[in-house]
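# Topology and contacts: notes
Chain by chain, the residues run as shown.
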Amino acid sequence: MAKARFRIQEHKDIYIHNDLANAAFYFKERISGRLKNDDREGIGIEMMACLTMIAFAVEARMNFLGYKLIEKWKERAPFMVKVEKVTRRLGVAPDYGERPYKTIESLKNFRDTLAHGKPLEIRRDLEVEATEEELRGRGCLSAPWETSVSGEFVEVGFEDMEAVWRDLLARSRLGVMETITQGGATISFIGPVG
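Residues numbered from 1 in each chain as written. Predicted model: local features only at pLDDT ≥ 70, side-chain atom pairs only at ≥ 80, totals over all residues. Heavy atoms only, no water.

## What about helix α6 (residues 151–172)?
If you check α6, its first and last C-alpha atoms are 31 Å apart, about what 22 residues at 1.5 Å a residue would give, namely 32 Å. Where α6 terminates, the next one or two residues include R173, which has phi positive at roughly 65°. (Helix = DSSP H or I, 4+ residues; strand = E, 2+ residues; numbered from the N terminus. Expected span 1.5 Å × (residues − 1).)

Shown next as structure tokens:
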């Protein structure tokens, strides 16, 4: 087959925040269905994945808005610095003592705990009076971050992620279609080679 010359013109706008939010939604719906059916095998792992995807989506959405609205956006800045810059630019004063921004901060802390995976060694020596059931409920081998792994936090995390996104997107005056991955390409024949 003879070679020919072609001109390829393409453009792509790839916005990963949508993929991350879709992954979070998938896990949230799966978790919800499993809890309704009392299907709990491995559900904590799915909750960890969901909460991580929610935290990633929040950060990616901040990166998207920062990229679109703030000159010389620093994508590598710390998570909460990005939240502060975007919210300030859009005239929002986040209250980290209340939802939804309290949840955003909790998601960030949860994500950091998993992402940085540091050992935690705790030593105690105490006597307690308890029933066998009470002893099991103490969670002797539970890590502090495991309290976040719950169906309730999954729901709250997703709701608050969406509430922050809807508010900031409306304030940004960007259209929904401007937030969606899109692109196109054309190939034009120039002529035969040689």
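The rest of the description comes next.
## Some remarks on the packing of aromatic side chains
Across all of its chains, the model carries seven aromatic pairs by this definition. Here the aromatic rings of Y15 and F64 are separated by 4.9 Å at their centres, their planes lie at 75°, and the arrangement is edge-to-face. With a gap of 49 residues between them, Y15 in the loop between β1 (4–13) and α1 (16–36) and F64 in helix α2 (residues 43–69) connect regions that are remote in the sequence. F64 matches Y15 in its accessibility class, with the two residues each being buried. Consider the rings of Y26 and F27, whose centres lie 5.5 Å apart with planes at 70°: the pair is edge-to-face. Residue Y26 is classed as partly exposed on the basis of its relative accessible area, which comes to 48%. Here the aromatic residues Y15, F64 and W165 are joined through ring pairs into a cluster of three or more. Cation over ring: K28 sits above F158, and NZ or CZ is 5.1 Å from the ring centre. (Phe/Tyr/Trp six-rings, centres within 6.5 Å; stacked < 30°, edge-to-face > 60°. Buried < 20%, exposed > 50% of the residue type's maximum accessible area, 1.4 Å probe, protein only. Lys NZ or Arg CZ within 6 Å of the ring centre and 35° of its normal.)

## Quick look at the side chain of E46
Along the polypeptide, E46 turns up in helix α2. Here E46 falls in the buried class, since its relative accessible area comes to 13%. At a separation of 3.2 Å, a polar atom in the side chain of E46 contacts the side chain of R34. In this structure E46 touches F27, R30, I31 and R34, once residues within four positions along its chain are discounted. (Polar contact = N/O pair within 3.5 Å; in protein donor to acceptor, adjacent residues only side chain to side chain. Contact = heavy atoms within 4.5 Å.)

## Observations regarding helix α3 (residues 79–89)
Listed in full, the buried residues belonging to α3 are F79, M80, K82, V83, V86 and T87. Buried residues in α3, looked at end-on, bunch into an arc of 155°, giving them a common side. In the core, the buried residues of α3 are packed alongside α2, α4 (101–116) and α6. Once α3 finishes, G91 follows within two positions and takes phi at roughly 75°, a positive value. (Arc of directions from axis to C-beta.)

## Re unusual backbone geometry
Here the residue pair R99 and P100 is connected by a cis peptide bond, since its omega of 5° sits within 30 degrees of zero. Here the phi dihedral of D38 falls at roughly 55°; this positive angle occurs in a residue that is not glycine. Checked against the element boundaries, D38 lands in the loop between α1 and α2. Even without being glycine, K72 reaches a positive phi, approximately 60°. Here K72 shows up in the loop between α2 and α3. By relative accessible area, which is 70% here, K72 ends up exposed.

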